[in-house]
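Each chain, letter by letter, is given below.
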Amino acid sequence: MSTVGSIPGVTANGAKIPLLGLGTWDLRGRTCAHIVEAALRLGYRHIDTAEMYDNERDVGEGLHASGVKRADVFVTTKVWPSHFAPRELERAVRESLARLRVRQVDLLLLHWPNPQIPLRDTLGALCKVKRDGLTRHIGVSNFTVKLVAEAVQVATEPLVCNQVECHPFLDQSKVIAACRKHGMAVVAYSPIARGSARNDKVLARIGTAHGKSAPQVCLRFLVQQDIVVIPRTSKEQRLSENAAIFDFSLSAGEMAEIAQLARRDGRLVDWSYSGSAQWD
Ligand SMILES: NC(=O)c1ccc[n+]([C@@H]2O[C@H](COP(=O)([O-])OP(=O)(O)OC[C@H]3O[C@@H](n4cnc5c(N)ncnc54)[C@H](OP(=O)(O)O)[C@@H]3O)[C@@H](O)[C@H]2O)c1
């Protein structure tokens, strides 16, 4: 398999995040370790995991087996909301680091908001683990416009991203604008709509004009707006497909046509974890 060229990054509040990463939700054991290793050998330099995925050991195995220098890989993990009390948070992070077999991660996120624990306390703990060197950068995930503003206000260290569901079939314009206002990157999860981008006629037609697949057009649409994408695959051939998105551009007209696919109710991921009925 030929390697991908160097992957551009986005700069946000002091962090440089590669625009393409590998998502690992639902991958475990040998499959997970193998795909992480293959992705890194191919040229991926960003891996997304979480304590909740129950695969940090496997991600660590793939990371170490790849032979790529630790400093060259951007590793993100996330703390689950049941561990948001300050002492619990620090313990959870130390356990994540032990499973990954790294001294620090590059980015540590609060996985979902937890309305049961004051955000100020959790952010205090998140900032502290950053100051203690357990992570290079911190951020949030699944935070609404209102919660992003609140988090930025109480954090004493810069928040570098909000990781949210983001693909052409979901209107996330408000939360994207909120992140930009605060200098935060948007990291798109489910960026190919859990694989369904493949069946979209508009993406497929635009892809044909560029010699690209519908998922490649879908990912290009996001990275062309400086939105970081973390598509997940368990298949080696799709690693290269999902990475070949930096050698073509979509025209303004094509971008506008894809933007028309967005729906307010296009969400795929169960939002009930958030404890909030409202996105913005
Ligand atoms: N922060 C959060 O709350 C949160 C929530 C959800 C996800 N995430 C993160 O975001 C990552 C990505 O999101 P996701 O896994 O939900 O969805 P996704 O990346 O949009 O889609 C993954 C699915 O698409 C398939 N696929 C991958 N490449 C493809 C291609 N080129 N053509 C057709 N199908 C393709 C995969 O199947 P194969 O394996 O068969 O290729 C898999 O079933 C996760 O893995 C996780 O790291 C975060």
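The residue numbers shown here count from 1 along each chain, following its written sequence. Totals for whole chains, interfaces and linings use all residues, but because this is a predicted model, local features are given only for residues with pLDDT of at least 70 and pairs of side-chain atoms are given and counted only at 80 or more. The side-chain quantities take in all heavy atoms of the structure and omit both hydrogens and water.

This brings us to the site of the ligand. Looking at the ligand, there are 29 residues lining it, with Arg194, Arg198, Thr233, Ser234 and Lys235 nearest. One of the backbone nitrogen or oxygen atoms of Thr24 is found 3.2 Å away from an oxygen atom of the ligand. Isolated, the ligand exposes 900 Å² of accessible area, and the fraction of that covered by the protein chains is 92%. For the ligand, the cavity whose grid points lie within 2 Å of the majority of its atoms is the largest pocket. Here the nonpolar group is Ala, Val, Leu, Ile, Met, Phe, Trp, Tyr, Cys and Pro; Asp, Glu, Lys and Arg are the charged ones; every other residue, Gly included, is treated as polar. Among the residues forming the shell around the ligand, the class breakdown is 10 nonpolar, 11 polar and eight charged. Whether a residue is near a molecule or strand depends on its heavy atoms: if one lies within 4 Å, it is near. N or O atoms closer than or at 3.5 Å make up a polar contact, with two conditions inside protein: a donor-capable atom paired with an acceptor-capable one, and, for residues adjacent in sequence, both atoms drawn from side chains. Areas reported here follow the Shrake-Rupley algorithm with a probe of radius 1.4 Å; residue values treat only the protein chains shown as occluding. Throughout, the protein atoms alone are placed on a 1 Å grid, and a set of points is a cavity if a 1.4 Å probe fits but cannot get out or a pocket if it is open with protein on both sides within 12 Å along at least five of seven lines; lining residues have an atom within 4 Å of a point. Molecules are considered to sit inside a cavity or pocket once more than half of their atoms lie within 2 Å of its grid points.

This next bit is on the pairing of strand β6 (residues 105-110). Using a 1.4 Å probe on the protein chains alone, a residue whose accessible area is under 20% of its type maximum counts as buried, one over 50% counts as exposed, and one in between counts as partly exposed. Secondary structure elements are taken from DSSP: a helix is a run of H or I of four residues or more, a strand is a run of E of two residues or more, and numbering for both begins at the N terminus. For β6, a buried count of six out of six residues is recorded, marking the element as mostly surrounded by other parts of the structure. Of the pairings in the sheet, the one linking strand β5 (residues 74-79) to β6 comprises four bridges and is parallel in character. When the sheet's bridge partners are listed, Thr76 is paired in β6 with Leu107. Handedness of a crossover is defined as follows: orient the strands so they point away from the viewer, and if the path from the first strand over the helix to the second runs clockwise, the crossover is right-handed. Considered for its hand, the β-α-β crossover made up of β5, helix α3 (residues 86-100) and β6 is right-handed. Handedness of the crossover is the feature at issue here: the chain leaves β6, passes through helix α4 (residues 119-131), returns alongside strand β7 (residues 135-141), and the resulting connection is right-handed. Pairing between strands requires that DSSP locate at least two bridges from one strand to the other.

So, about the packing of aromatic side chains. Working definition: rings of Phe, Tyr and Trp (its six-membered ring) pair if their centres are within 6.5 Å, and the pair is stacked with planes under 30 degrees apart, edge-to-face with planes over 60 apart, and tilted otherwise. With the rule as written, the count across this model stands at zero aromatic pairs. Note that Arg194 overlies the ring of Trp25, its terminal NZ or CZ placed 4.5 Å from the centroid. When the ring centre of Phe248 is taken as origin, the NZ or CZ atom of Arg220, which lies over that ring, is 5.9 Å away. For a Lys NZ or an Arg CZ to count as sitting over a ring, it must be within 6 Å of the ring centre and within 35 degrees of the ring normal.

Turning our eyes to something else, we now look at the environment of Tyr44. Its location among the elements puts Tyr44 in the loop between α1 (29-42) and β4 (46-48). The exposure class of Tyr44 is buried, given its relative accessible area of 1%. In this structure, Tyr44 is in contact with Val4, Ile7, Leu20, Gly21, Leu22, Ala39, Arg238, Leu239, Asn242 and Ala243, ignoring residues within four places of it in sequence. Separated by 2.7 Å, the side chain of Tyr44 and the backbone oxygen of Leu239 make a polar contact. In what follows, residue pairs with any heavy atoms lying within 4.5 Å of each other are defined as contacts.

What follows deals with the state of the cysteines. Any two cysteine sulfur atoms within 2.5 Å of one another count as a disulfide. If you walk through the whole model with that rule in mind, you get zero disulfides. Distance from the sulfur of Cys179, which forms no disulfide, to the nearest cysteine sulfur (Cys161) is 8.0 Å.

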